[in-house]
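Coordinate analysis (summary)
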Amino acid sequence: MKKIIAITMFAALSFSANAQKKGLQGTTFATSQFGYTQTKTGTTKSTNFTLLPIIGTFVSPSVAIGAGIGTVNIKSENGSTTTANTGLFVFQPLVRKYWNVAGSMYFFGQLAAPIISGKEKQSELKVSQFGLAASGGLDMILGKHFSVEFSYNLANFSVTTLTPKTGNKTTITDFSLAHVANVENVYNGALGGSNPTLTTPLSFGFKFLF
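Residues numbered from 1 in each chain as written. Predicted model: local features only at pLDDT ≥ 70, side-chain atom pairs only at ≥ 80, totals over all residues. Heavy atoms only, no water.

Brief notes about the environment of Thr83
Along the polypeptide, Thr83 turns up in strand E4 (residues 81–102). Relative accessible area serves as the criterion here: at 42%, Thr83 is assigned to the partly exposed category. Separated by 38 residues in the primary sequence, Thr83 and Lys121 have C-alpha atoms spaced 9.7 Å apart. If near-sequence neighbours (up to four positions away) are discounted, Thr83 is found in contact with Ser76, Glu77, Asn78 and Gln122. (Helix = DSSP H or I, 4+ residues; strand = E, 2+ residues; numbered from the N terminus. Buried < 20%, exposed > 50% of the residue type's maximum accessible area, 1.4 Å probe, protein only. Contact = heavy atoms within 4.5 Å.)

Right, here's the structure in full:
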């Protein structure tokens, strides 16, 4: 009887140690960044819409890699007239490192490399940007297939190129701490009086695990 109990306890401890060592390795996750802002002054209205679905997988017990593919749309209107309409494509590879805080709560650090391209349809201004964005946050796993995460933006570096249909192109290099990553609106309001936002100083979201 004592041998059976000892074998059972040893097996349970071995399984627990193996599960702890494995961590989240092999788990795939899916989430999405969504943003909508609107400003209105008199008859002038500017809107900014961002949709960035993200999928990734844990390649080790505490490291995940993934990518987001989505769009940013910036539109400026004066009454019933559209004065600017910018459509941008976003591709954002990322890597995350997780640390277990307690139980099912994890702290993570993320480094992303967003790449943005597109044009303003009215003036045919071409927009392109690449950069790096660092963020951190807390991820709480609530079940086998679901988690909730809080994240905050730490730093952003970006290089933006604005190329008009005629004339010289403009290049903007930007570095900011705890600030919104964006394409700078510097070319005569051609981006519609608004910036395409990819990250916010503080965000909340849901994540599906499978």
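Quick look at the pairing of strand E5 (residues 105–112)
Of the two faces of E5, only the one carrying Tyr106, Phe108, Gln110 and Ala112 is buried; Met105, Phe107, Gly109 and Leu111 on the other face are not. Where E4 folds back onto E5 in an antiparallel hairpin, the turn is made up of 2 residues, including Gly103, whose phi is positive at roughly 55 degrees. In terms of strand pairing, E5 meets strand E7 (residues 125–143) through 8 bridges, oriented antiparallel. Opposite Gln110, over in E7, you have Ser135 as the bridge partner. (Pairing = 2+ DSSP bridges.)

A closer look at the nonpolar core
Of all hydrophobic cores here, the largest spans 22 residues; its most connected members are Phe29 and Phe58. Contributing elements (two or more residues each) for this core: strand E2 (44–58), strand E3 (63–78), E4, E5 and E7. Among the elements that make up this core, the one with the highest residue count is E4 (4 residues). (Core = buried A, V, L, I, M, F, W, Y, C linked by side-chain atoms within 4.5 Å.)

Focus on the environment of Glu120
With respect to the helices and strands, the residue Glu120 is situated in strand E6 (residues 115–120). Separated by 46 residues in sequence, Glu120 and Ile74 have C-alpha atoms that sit 8.7 Å apart. A distance of 2.7 Å separates a polar atom in the side chain of Glu120 from the backbone nitrogen of Asn85. Among the polar contacts made by the side chain of Glu120, one reaches the main-chain amide nitrogen of Ser123 at a distance of 2.5 Å. (Polar contact = N/O pair within 3.5 Å; in protein donor to acceptor, adjacent residues only side chain to side chain.)

Some points on the environment of Gly42
Position of Gly42 among the secondary structure elements: in the loop between strand E1 (28–41) and E2. With 37 residues separating them along the chain, Gly42 and Gly79 place their C-alpha atoms 8.9 Å apart.

Focus: the pattern of salt bridges
Under the counting rule described, the total for this entry stands at 5 salt bridges. Note that Lys207 and Asp139 form a salt bridge whose closest N and O atoms lie 2.3 Å from each other. On the criterion of sequence distance, the pair formed by Lys207 in strand E10 (residues 202–209) and Asp139 in strand E7 is long-range, its members being 68 residues apart. Grouping residues by exposure puts Lys207 and Asp139 together as buried. Shared partners join several salt bridges into a network, and the residues in it are Arg96, Asp139, Glu149 and Lys207. (Salt bridge = Lys/Arg side-chain N within 4 Å of Asp/Glu carboxyl O.)

Let's talk about the packing of aromatic side chains
Tallied over the entire structure, the rule returns 7 aromatic pairs. A centroid spacing of 6.1 Å and a plane angle of 75 degrees characterise the contact between Tyr98 and Tyr106, whose relative ring orientation is edge-to-face. Of the two residues, Tyr98 and Tyr106, both sit in the buried class. Grouped by ring-pair contacts, the aromatic residues Phe29, Phe58, Tyr98, Tyr106 and Phe108 constitute a single cluster. The positively charged end of Arg96 is found above the aromatic ring belonging to Phe108, 4.1 Å away from the centroid. A cation over a ring is seen here: Lys207 above Phe29, with NZ or CZ 6.0 Å from the ring centre. (Phe/Tyr/Trp six-rings, centres within 6.5 Å; stacked < 30°, edge-to-face > 60°. Lys NZ or Arg CZ within 6 Å of the ring centre and 35° of its normal.)

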